[in-house]
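Okay, here's what each chain looks like letter by letter:
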Amino acid sequence: MSAVQLYTKHTRVWIPDPDEVWRSAEIIKDYKEGDKSLHLKLEDETLYEYPVDLQGNELPFLRNPDILVGENDLTALSYLHEPAVLHNLKVRFLESNHIYTYCGIVLVAINPYGQLPIYEQDVIYAYSGQNMGDMDPHIFAVAEEAYKQMARDEKNQSIIVSGESGAGKTVSAKYTMRFFATVGGSASKTNIEAKVLASSPIMEAIGNAKTTRNDNSSRFGKYIQIGFDKRYHIIGANMRTYLLEKSRVVFQAEDERNYHIFYQLCASASLPEFKDLGLTCAEDFFYASQGGDTSIDGMDDADDFEKTRHAFTLLGVKESHQMTIFRIIAAILHLGNLEIQAERDGDACSVSSEDEHLNNFCSLLGVEQSQMQHWLCHRKLITTAETYVKSMSVQQVVNARNALAKHIYAQLFNWIVQHINKALHTTAKQHSFIGVLDIYGFETFEVNSFEQFCINYANEKLQQQFNSHVFKLEQEEYMKEGIPWTFIDFYDNQPCIDLIEAKLGVLDLLDEECKVPQGTDQNWAQKLYDRHATSQHFQKPRMSNTSFIVLHFADKVEYQSEGFLEKNRDTVYEEQIDILKASKYQIVADLFQDEKDAAPATSMGKGTSKINVRSARPVIKAANKEHKKTVGHQFRNSLHLLMETLNATTPHYVRCIKPNDEKLPFKFDPKRAVQQLRACGVLETIRISAAGFPSRWSYHDFFNRYRVLMKKRDLSKTDKKQICQILLEDLIKDPDKFQFGRTKIFFRAGQVAYLEKLRADKFRAATIMIQKTVRGWLQRVKYKRLRQAAVVIQRYVRGHLARRLAEHLRRTRAAIIFQKQYRMLRIRRAFQRVRNATITIQAVARGMFVRRIYRKILVEHKTTILQKYVRGWLARTRFRRVRGATIILQCYYRRMKARQELKALKIEARSAQHLKKLNIGMENKVVQLQRKIDEQNKEYKLLNEQLSTLTSAHSSEVEKLKKELVQYQQSHQDDGNQLVSLQEKMEHLRLELEKAHGERKVVEDSYVKEKDLLRKRISDLEEENALLKQEKEELNSRIQCQSEDEFAQNTVEENIQMKKELEEERSRYQNLVKEYSRLEQRYDNLRDEMTIIKQAPGHRRNPSNQSSLESDSNYPSVSTSEIGDTEDVVQQVEEVGMEKAAMDMTLFLKLQKRVRELEQERKKLQIQLEKKEQESKKSQVTEMKTEVASDHEDFAYNSLKRQELESENKKLKNELNELRKAIADRATQNNSPDDIQDSYNLLLNQLKSASEELEVRKEEVLILRTQIMKAAQQKESGKNMESITTNASWPNSDKHIDQEDAIEAYQGMCETNRLLEAQLQDQRREHEEEVEALKNQVDAMKEEMERQQQAFLQTLQLSPEVQVEFGLQQEITRLTNENLDLKELLEKLEKNEKKLKKQLKIYMKRVQDFEASQTTVLAERTWQKRTIQVAVQRKEKDFQGMLEYYKEDEPLLIRNLITDLKPQAVSATVPCLPAYILYMCIRHADYVNDDQKVHSLLTSTINGIKKVLKKHNDDFQMTSFWLANTCRFLHCLKQYSGDTGFMVQNTPKQNEHCLKNFDLTEYRQVLSHLSIQIYQQLIKIAEGILQPMIVSAVLENESIQGLSGVKPMGYRNRSSSMADGDSSYSLDALIRQLNTFHSIMCDQGLDPEIVQQVFKQLFYMINAVALNNLLLRKDVCSWSTGMQLRFNINQLEEWLRGKNLQQSGAAQTLEPLIQAAQLLQLKKKTSEDAEAICSLCTSLTTQQIVKILNLYTPVNEFEERVTVAFIRDIQAHLQERNDPPQLLLDFKHMFPVFFPFNPSSITMDTIHLPASLNLEFLNKV
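Now for a quick tour of the structure. (Residues numbered from 1 in each chain as written. Predicted model: local features only at pLDDT ≥ 70, side-chain atom pairs only at ≥ 80, totals over all residues. Heavy atoms only, no water.)

Description of the side chain of E1583
Inference 1: Mapping E1583 onto the fold places it in helix α47 (residues 1561–1596).
Inference 2: Beyond its immediate chain neighbours, meaning those up to four positions away, E1583 contacts Q1657, L1658, M1661 and F1787. (Helix = DSSP H or I, 4+ residues; strand = E, 2+ residues; numbered from the N terminus. Contact = heavy atoms within 4.5 Å.)

Side note on helix α14 (residues 394–424)
Inference 1: With 31 residues, α14 should reach 45 Å at 1.5 Å per residue; the first-to-last C-alpha distance of 45 Å fits that figure.
Inference 2: Burial analysis of α14 places 22 of its 31 residues in the buried class, the great majority of the element. (Expected span 1.5 Å × (residues − 1). Buried < 20%, exposed > 50% of the residue type's maximum accessible area, 1.4 Å probe, protein only.)

Regarding the sheet that holds strand β19 (residues 547–551)
Inference 1: Taking strand neighbours across the sheet as the criterion, the three strands line up as β18-β19-β20 in an open arrangement whose pairing is antiparallel. The open sheet terminates on both sides in strands that have one partner only, identified here as β18 (538–539) and β20 (556–560).
Inference 2: By the bridge criterion, two bridges tie β18 to β19 in an arrangement that is antiparallel. Counterpart to F538 in the pairing with β19 is V550.
Inference 3: Relative to the sheet, helix α18 (residues 521–532) contacts β18 and β19, its axis offset from that of β19 by approximately 45°. (Pairing = 2+ DSSP bridges. Axes fitted to C-alpha atoms, helices over the stretch in contact; angles between N-to-C directions.)

Describing a negative patch on the surface
Inference 1: Side chains of E283, D284, D293 and D297 sit close together on the surface and give a patch of like negative charge.
Inference 2: Along the chain, D284 falls in the loop between α8 (260–267) and α9 (286–289).
Inference 3: Take D284: its relative accessible area is 42%, and that puts it in the partly exposed class. (Patch = residues over 30% accessible without salt bridge, like charges linked within 9 Å, V, L, I, M, F, W, Y side chains within 5 Å. Areas by Shrake-Rupley, 256 points an atom, 1.4 Å probe, with all protein chains shown as cover. Salt bridge = Lys/Arg side-chain N within 4 Å of Asp/Glu carboxyl O. Lys, Arg positive; Asp, Glu negative; His and termini not counted. Charge placed at Lys NZ, Arg CZ, Asp CG, Glu CD.)

Considerations on the pattern of salt bridges
Inference 1: Scanning the entire structure with this criterion turns up 29 salt bridges.
Inference 2: R257 serves as the salt-bridge partner of D301, at 3.4 Å between the closest nitrogen and oxygen. Note that D301 is positioned in helix α10 (residues 301–314) and R257 in the loop between α7 (247–250) and α8, a separation of 44 residues in sequence.
Inference 3: Overall, the relative accessible area of 12% leaves D301 in the buried class.
Inference 4: D761 is paired through a salt bridge with R764; the nearest N and O atoms lie 2.8 Å apart. Note that D761 and R764 are positioned in helix α28 (residues 751–909) at a spacing of three residues, about one turn of the helix.

Observations regarding the packing of α8 against helix α11 (residues 319–336)
Inference 1: Between α8 and α11, whose axes approach to 10 Å, the crossing angle comes to 100°. What the angle tells us is that α8 and α11 run roughly perpendicular. Contacts from I261, F262, L265 and C266 in α8 reach F326, I329, A330, I332 and L333 in α11.
Inference 2: Residue composition of the contact of α8 with α11, by class: nine nonpolar, no polar and no charged. (Parallel < 35°, antiparallel > 145°, perpendicular 65-115°, else oblique. Nonpolar A, V, L, I, M, F, W, Y, C, P; charged D, E, K, R; others polar.)

Side note on the sheet that holds strand β1 (residues 12–17)
Backbone hydrogen bonds hold the strands of a sheet together, and the pairing may be parallel or antiparallel.
Inference 1: One open sheet accounts for five strands, arranged β4-β3-β2-β1-β5; its pairing is antiparallel. Edge positions in the sheet fall to β4 (47–51) and β5 (61–62), since each of these pairs with one other strand and no more.
Inference 2: Where strand β2 (residues 21–27) and strand β3 (residues 37–42) come together, three bridges link them in antiparallel fashion. For E26, the partnering residue across the bridge sits in β3 and is K41.
Inference 3: Against the sheet, helix α2 (residues 82–94) touches β1, β2 and β5, its axis set at about 100° to β2.

Regarding a nonpolar patch on the surface
Inference 1: A surface patch of nonpolar side chains, about 400 Å² in accessible area, is lined by I770, V774, W777 and L778.
Inference 2: Mapped onto the elements, V774 comes out in helix α28.

Some remarks on the nonpolar core
As a rule of thumb, nonpolar side chains are buried together in soluble globular proteins.
Inference 1: In this structure, F180, F262, M372, F548, I1477, F1655 and L1818 are the most contacted members of the largest nonpolar core, which totals 324 residues.
Inference 2: The element that contributes the greatest number of residues to this core is α47, accounting for 18 residues.
Inference 3: Discounting chain neighbours no more than four positions away, the residues touching I1477 are L1443, L1457, L1809, L1813, L1815 and L1818.
Inference 4: Grouped together as the second largest cluster of nonpolar side chains are 19 residues, F702, F703, C724 and L728 included. (Core = buried A, V, L, I, M, F, W, Y, C linked by side-chain atoms within 4.5 Å.)

Looking at the packing of aromatic side chains
Inference 1: Scanning the entire structure with this criterion turns up 42 aromatic pairs.
Inference 2: Between the aromatic rings of Y147 and F228, the centroid separation amounts to 5.8 Å while the plane-to-plane angle is 65°, which identifies the pairing as edge-to-face. Of this pair, Y147 sits in helix α4 (residues 139–153) while F228 is found in strand β11 (residues 221–228), placing the two residues 81 residues apart along the sequence. One exposure class covers both Y147 and F228, and it is buried.
Inference 3: Counting every residue linked through ring pairs, the aromatic cluster contains F450, F453, W524, Y529, F538, F548, Y559 and F564.
Inference 4: For the cation-ring pair, R257 lies above Y263, with the distance from its terminal atom to the ring centre recorded as 4.0 Å. (Phe/Tyr/Trp six-rings, centres within 6.5 Å; stacked < 30°, edge-to-face > 60°. Lys NZ or Arg CZ within 6 Å of the ring centre and 35° of its normal.)

Quick word on the pairing of strand β17 (residues 432–440)
Inference 1: Among the nine residues that make up β17, nine are buried, leaving the element largely enclosed by the rest of the structure.
Inference 2: With burial as the criterion, each face of β17 is covered, one bearing S432, I434, V436, D438 and Y440 and the other bearing F433, G435, L437 and I439.
Inference 3: Examined bridge by bridge, strand β8 (residues 157–163) and β17 share seven bridges and lie parallel to one another. Residue G163 lies in a different strand from β17, and its bridge partner there is Y440.
Inference 4: Note: β11 against β17, seven bridges, orientation antiparallel. In the strand pairing of β17, I224 is matched with V436.

Here you go:
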């Protein structure tokens, strides 16, 4: 195409600009051949004439269409030139905040100078596994491409990161290593990836410093090789360093700092371990304070130092070594502060021996102070004849000191790098590696020295390698597509490299000059002028004889030769090094020992570092000092080694750009950007691309994009390639402008823009035609509408005129009538006026006469009244005198009568009848108390009678004993002392008995008094209670209408909160289960690897051995003990499920607290029971020894006591029944809730006291029974004893009684007395407790009354409305508390009932155990008659739903039913058949009460299921099958557990199949854990199948044909970066896969609730993956993609409705994706649009909304871009949101799963065992 066709009106071009580099303008007049200028209009509407060079025909650069602006890849631009590249980068950086852009194979990274949320872990996972061109440009995409090519091509890779200081090289390299550490994490536990990342803070501390351009500038280059094994896991790493800037140790420019480690150490000098270093603040040291400010904003040196020490520790550096490192660094600081004193006019100098810093320097390094003091100021000169020492001047000493400091730091730097490499080294074989090169970019300053020369030399080598690689890729692409190509002329910088490194080049001449004894920088510069004056890359400045200019590829640089020789030599005096070699610290000595023998490691001035390079062959040891290699020579060797490494790998390039020098966030300086683009080779890449065929289209994309330009007859053909060829040959006449490859069409630069222009013209013409037709149609419609409107208007006007005439006639007639009526009314009103006036005059006259008569009568009446009152007063005065005297007489008489009546009333008041009248409401209470008093009186009488009988018996016995003692004394006089002692004891007992009688009387008196007081108090409380009841009834009438609604609302809110908390708790619990399963899986994998490694050719373990060795200790044993209260509560919650979980929150908390209390009480009771049993055993032993002779008497007494206790027990029961009846009758008579509550409380109190008394009586009965049994046993044993001749009833015997019998009788009497005393104390204690309880009740009532009075007074001060509201709240609170208390009491009673039932079950189980043991004995006896026995059982009774097997058949059962079972084998049977079979086997083991068999079968089942799932860890069908069976097995264990909560839906037949002996609650918990693990594995398998399909099916699939437009793509879609084969999926394929999942789960009988949860999880994953991909891809953020996406989501929702899964919540998980599609389709212009977007996109975060708007890209010219102002408006609207900071969704998030109880309607006796299962060894029972 000619310039005339391109440079037409309205075409936009780029023109040079001194400020912005390039400026946009629009052509306002068509260009013609021969025009000397081009008429332009700038963006500010100013006109400009651009001069055209007619000879060179140089026209301005054309601007790309707006549709191509902001592309991810610069090579996708149609016009490839510098202004297009600069503008594209500027638009992406400023408007979209995109810092990454592709430029062919180069990733251009612009430093944002701010934190961006694009480096999180989820972003790494989003880019992992993706092709490079599929996602937006990112450093992670380059890292993934390198990782993928390493795995696919099995070739080593390199990532070369370069750029200026402050461009972000170090950060980019750090993120690259983080990506590799995350994606290729080590398979072992060495944690090598953490060590690789830990090396970064160390290298930053010792190698980074603050410069004027960057606060964290890397002052060295490094190449890190990350090694991978065959599985592509990280196994190790290695680091090489280049060009450490040693000069920074001793000198820093203004506003710069030394290396960070110096300031970190000074900031931590106050730590106790660093006291010996002698450090203070950094300002006190010369080497750290030359730059001025020693701090950096936003950087905490002390905190960074802690990170550095932690990194040292992580890499295995010992604490002692760390301290030595810090000592060396501190010594360098002290070395810089030495005070050098001049002597002898400056020719000599010295350092004071008392210099504090010298002492610190020598002590820290462990060297001799005197030697170091001497050799710092002297040097040794060696000649052929002699050796002598020479003093040095001050300047020489300063230079020598600085050289020593630099050398020490460089050696320490190399030592640290070596130890880092040792820590990262691995003994495993390295299969491949990825190298990350973080190296300096091209540098040019006002003063350029040796360091800049070496840096630019390295960049020349890297640029040469880059150019050759780009050209190689172009050549490969053309050859692969079969396109004829010609050699592209690209810039070759080999002549410049030869100038530097060739023979007699710059470096060679520099080395030669260094060998000359008197060589100088000026002589070396003169040699350069003489040798290279004719070179095209070398120039001599006009105004200088010591400088030279080198023309590099990026720019020409002038170097000053001063200092080149000194920096190249890198001279350090050997005497000082020898002193350091003799250090007492081994590490310090090792730093300098082998430096001559070591491989060359370069160090030099700024950029002078010892480079740790592993040479391919050993280096010959230098003979002497003179033959030491120079820094330049070492750097050249290391650079050649680096280039060899890079050439042997596949390189990937990252070019970091510094947008501005002020370090301001998102500020773009075009001049600085262009300078760096030229220097880093990006523009060279553009130039090479533009020289060939930069634009590439696949035939399919080209056909879809430009089908509008094709003719109808061409579209009918089926071959798209042929259609495209015909179109291009027709549109572009020059065949050299395009080429047809095998899969793509290649275009020259500018051709795509020309095609876009033709496409836009075609659309414009079509648009004009459509507009013309539509406008004509609209005008016709408008004319018809106007014509019809005119007719209608005429009709209405005519009607209006007719109606107006009729109205006129009607009004005329009405006016006449109105006049007539008005005249009549006026005359009538005049008549009325006259008539009314006459009547008024008459009335006034008549009234005047009447009033006169009235006044006269009134005067007469008043006179009469006065006479009446005077006469009455006189009569009343006389009457009062008489009445007063009479009253006085009456009073005296009545007082006398009243006193008499008062005495009678007082007497009457003391009677019981009067109390009954006063306490009519408390009759029942008084009757009860009276009954209790009567019973206690009866007991008291009985006790008195017993006591009297005992005293009489005692006295008679005493008399008998006296008589017997007299006889005994006569026969045995020696025993007199014992008799005296017995008499004394008897007297003592008599005194104690009398004392007890006295105390009992006192207690009884106090008891009667307290009873009277309590009766009075009860009467008072009754009156107060009546008043309170009245107030309560009034409040009830007020709150009756409102309390129910408010209580229900509060209950609903609390239920919702409870559900949320339950979901969170379940989520946490399942996450723990998931983590446990993951660790278990990892342990199994490691164990398998260990077995594989340790396997030898000898013995191998067979499957039976393996199964026998497996541990089953993880599973609990079968529990047959009683279940505690806590287990009951947990079991109830499981039974009731979510309904019970939705209870009142306060009730739930109280229940939890009560459960804990009951559990503690149960444990205490068990401990007490055990203690009592032990005590009873001990007491039995002692009683058997002591009680021999008093058996018969104790037996009689105990039987009597037992009868009395049983009668008292019956009385208590009768009293309790009467109380219940009385309260029930009272409740029926009075239905008030307060009365019911009071009566219920009364009943509970009585019940509690009765139960306590009952417990006491029970204990006494048990004690008496044990004593009775002992007495009986002793009686039987006494008959057989020869030594005992006396009868048990010795008091009634006439035989002689010896001394031992008397002592035993006395002991029996003592025990009887103690028993009576204990009973008396118990009664006293019960009485005191009852009194205390009544007191507490009275106090509580008083407190309640006071509180209510205070509340009442507060309410009186409020307004009436607030009073009502406050009263309602108080009443609701009180009722709630009362209800909670009632519920607690009710639950206590229910639990007591359950405990009793369980105790009954325990006794029943013991009986069944005995029967079962007999059954097992019979089974063992008939072992060899198995078949006969089975046959007999089948004849005797029907199949009971149990399967019998023998212990040795268990492995066969597990293998046939679990391990080797295929889901297809049981597909035609009952769903979940294995679960039913396993339960029937468990049921038989329960039936025979074999706990070992149950334990073994359950453990083997769980282990077998785990083994199957591990073997088929990627089989969805198998995993779903065992999830269904595990859940069904769990449901069976619940349904047939015997718990009422699980048996609600059971039939009577199913209730017969419940377990009888064992409680498998703990195993149910283990199976629940296993179900969660299987569910998580099922989700993992399904996600693994669906995830590769989601992006292609949901985002890229064209469900609506022809809707989406394709934009031109760049290099990133080249075939080399794409995987082989077509990996695209349609939405139908995704839906088919979902159908497969659904049919599998339904066919295998999985619970519908679980199926719903599975699809909810899968649809969340679909939403997360699709949305994350959308947020990271610019090419899919368009209006057409939004339409496609909405249609695809609608298809998924239709599928959910078709499968009846709309209640699962799966559709709600797609809400963020739906809103993202709607956001792409909405208008994005005005503020109203912004408000609509904010109100609609509630499920998207602010970052996601802004990201989508930034990524939004028009596909056609008719769409408009989203302006920056609109995005700012959106951010302003959304700033109040509190959204999480994450940009991407966590697609690995898993919802907590819930397994609801789902009982089966199948009975066990109806299940048939198919023969295909090979379970013939199972016998039906």
